[in-house]
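# Observations on the model geometry
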Amino acid sequence: MLTTTYMGLQLRNPFIAGSCGLTNTVEHLREIEKSGAGAVVIKSIFEEQIQYDSAQSLKGEGSLWKDTFNKVVGEKEYFYDDALAYMENYAKEQPLNEYLDFLKRAKKEISIPIIASIHCTTQYNWQYFAKRIQDTGIDAIELNAFLLPSNFNRTSEENEKVYFEIITEIKKYVTIPVSLKLGYYFSGLANTLQKLSDTGISAFVLFNRSFNPDIDIDNLEMTSNNTFSYPTEYFHTLRWVAILSGRVQADIAASTGIHDAEAAIKQLLAGASTVQVASAMYKNGFPVFTEMIKETEAWMKKHNFKSIDEFRGKLSQNKVENPAAYERVQFIKIFTNII
Ligand SMILES: Cc1cc2nc3c(=O)[nH]c(=O)nc-3n(C[C@H](O)[C@H](O)[C@H](O)COP(=O)(O)O)c2cc1C
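Nothing here was measured: the structure is a model prediction, and the numbers come from that model. (Residues numbered from 1 in each chain as written. Predicted model: local features only at pLDDT ≥ 70, side-chain atom pairs only at ≥ 80, totals over all residues. Heavy atoms only, no water.)

Turning our eyes to something else, we now look at the site of the ligand. In the vicinity of the ligand there are 19 residues, among which Ser19, Ser44, Ser229, Gly257 and Ser279 approach most closely. Contact distances for the ligand include 2.8 Å between an oxygen atom and a backbone N or O atom of Ala278. Coverage of the ligand by the protein amounts to 88% of the 600 Å² it exposes when considered alone. The class makeup of the residues in the shell around the ligand is five nonpolar, 11 polar and three charged. (Near = heavy atom within 4 Å. Polar contact = N/O pair within 3.5 Å; in protein donor to acceptor, adjacent residues only side chain to side chain. Areas by Shrake-Rupley, 256 points an atom, 1.4 Å probe, with all protein chains shown as cover. Nonpolar A, V, L, I, M, F, W, Y, C, P; charged D, E, K, R; others polar.)

To continue, consider the packing of aromatic side chains. This structure, assessed with the given rule, holds 10 aromatic pairs. On the numbers, 5.0 Å between centres and 35° between planes, the contact of Tyr163 with Phe186 is tilted. Here the residue Tyr163 occupies a position in helix 7 (residues 156–171), and Phe186 occupies one in the loop between strand 8 (178–182) and helix 8 (189–197), the gap between them amounting to 23 residues. The interplanar angle of 45° and the centroid separation of 5.2 Å between the aromatic rings of Tyr184 and Tyr185 together place this pair among those described as tilted. Among the aromatic residues, those joined into a cluster by ring pairs are Phe146, Tyr184, Tyr185 and Phe207. (Phe/Tyr/Trp six-rings, centres within 6.5 Å; stacked < 30°, edge-to-face > 60°. Helix = DSSP H or I, 4+ residues; strand = E, 2+ residues; numbered from the N terminus.)

Before going further, it helps to spend a moment on the pairing of strand 13 (residues 274–277). Side-chain alternation along strand 13 places Thr274 and Gln276 on one buried face and Val275 and Val277 on a second face that is also buried. For strand 3 (residues 15–17) and strand 13, the ladder comprises three bridges, and the chain directions are parallel. Paired with Phe15 across the bridge in strand 13 is Val275. With helix 10 (residues 261–270) bridging strand 12 (residues 251–255) and its parallel neighbour strand 13, the resulting β-α-β unit is right-handed. (Buried < 20%, exposed > 50% of the residue type's maximum accessible area, 1.4 Å probe, protein only. Pairing = 2+ DSSP bridges. Right-handed = clockwise from strand over helix to strand, strands pointing away.)

Under the defined criterion, the tally for this structure stands at 13 salt bridges. Notably, a salt bridge pairs Glu291 with Lys294, separated by 3.9 Å at the nearest N-O pair. Residue Glu291 and its partner Lys294 are located together in helix 12 (residues 288–302), separated by three residues, close to a single helical turn. Among the residues examined, Glu291 registers a relative accessible area of 37% and is labelled partly exposed. (Salt bridge = Lys/Arg side-chain N within 4 Å of Asp/Glu carboxyl O.)

Here we take up unusual backbone geometry. The omega torsion across Leu206 and Phe207 is -10°, close enough to zero to call that bond cis. Relative to the assigned elements, Phe207 resides in the loop between strand 9 (203–206) and strand 10 (214–216). Even without being glycine, Thr256 reaches a positive phi, approximately 95°. One can find Thr256 in the loop between strand 12 and helix 10.

These values are about where atoms sit, not about what they do.
Written out as structure tokens, the structure reads:
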């Protein structure tokens, strides 16, 4: 009764284990499968790891990676020296072959669909590796492309072009479904996502949750401690799932702040094909999926829905009586002191 399709894949239910540190071993994947999840997205491999690997094989020396990388990228708009140094070390520790072997083993031992993930911020010189990922037999690839438009010299058009070029490049190498996991920093979010959906990608994952810098006022230094989401964070995604549902040529996976069945059902009612769960896996363990499934089934029974399709998108913007509610961003009453 919970079966669904996502990116053309048959899923036993719409609850997907999102890419995170709990999806990086076969042992964890077994637990995730056992708990009932419909699919799993593997922990991301970073574009920089692929570029490091390719620079190494071209030049034969890891230390040349940074120079090669900067030459390829041209300008370091999204990269900073500490990030490069971190990635250089990380890349050394995580040879790409290990990642491919892991995917092969996972595919052999796990029967739910497996989606690999590549974290990318440029269109340069990493997409060839997607073909090697495809050759492991995994079912689809998720591209985690979260670009912060913080460069004062770049227009929104230039920033958005990167996403189109990433897709054009990867499509040269793979035939399996590809999804885009995005942030929300677009000046024309609805328009850009509609155009991106015409490129042949199979799904959007809305939204990635950004790492946010913070300030420690006692030590006067920068810090961050917001690794995990809170259950109240699902609102932002809900709005955009509802607005985009039925208007983009791609499935939508809702992500961020989905900690229980109630939040998941809301996203499905707004029009999501699937939901992705990461923080709640850390908080409640793998049985979080068992619980979500049980509660969703109970809710469906109560409302007499026999399948997900019977209620998916029922409250999307183009189906509700008051579509403007999804575009309202100000509390008029509160702001005008009426209450
Ligand atoms: C510890 C941790 C590691 C993560 N690693 C990745 C990653 O490698 N790739 C990725 O696309 N997202 C990663 N994420 C983001 C999650 O997939 C997800 O988009 C985000 O946490 C919001 O969903 P949530 O509210 O269910 O946690 C990570 C999240 C956490 C908490």
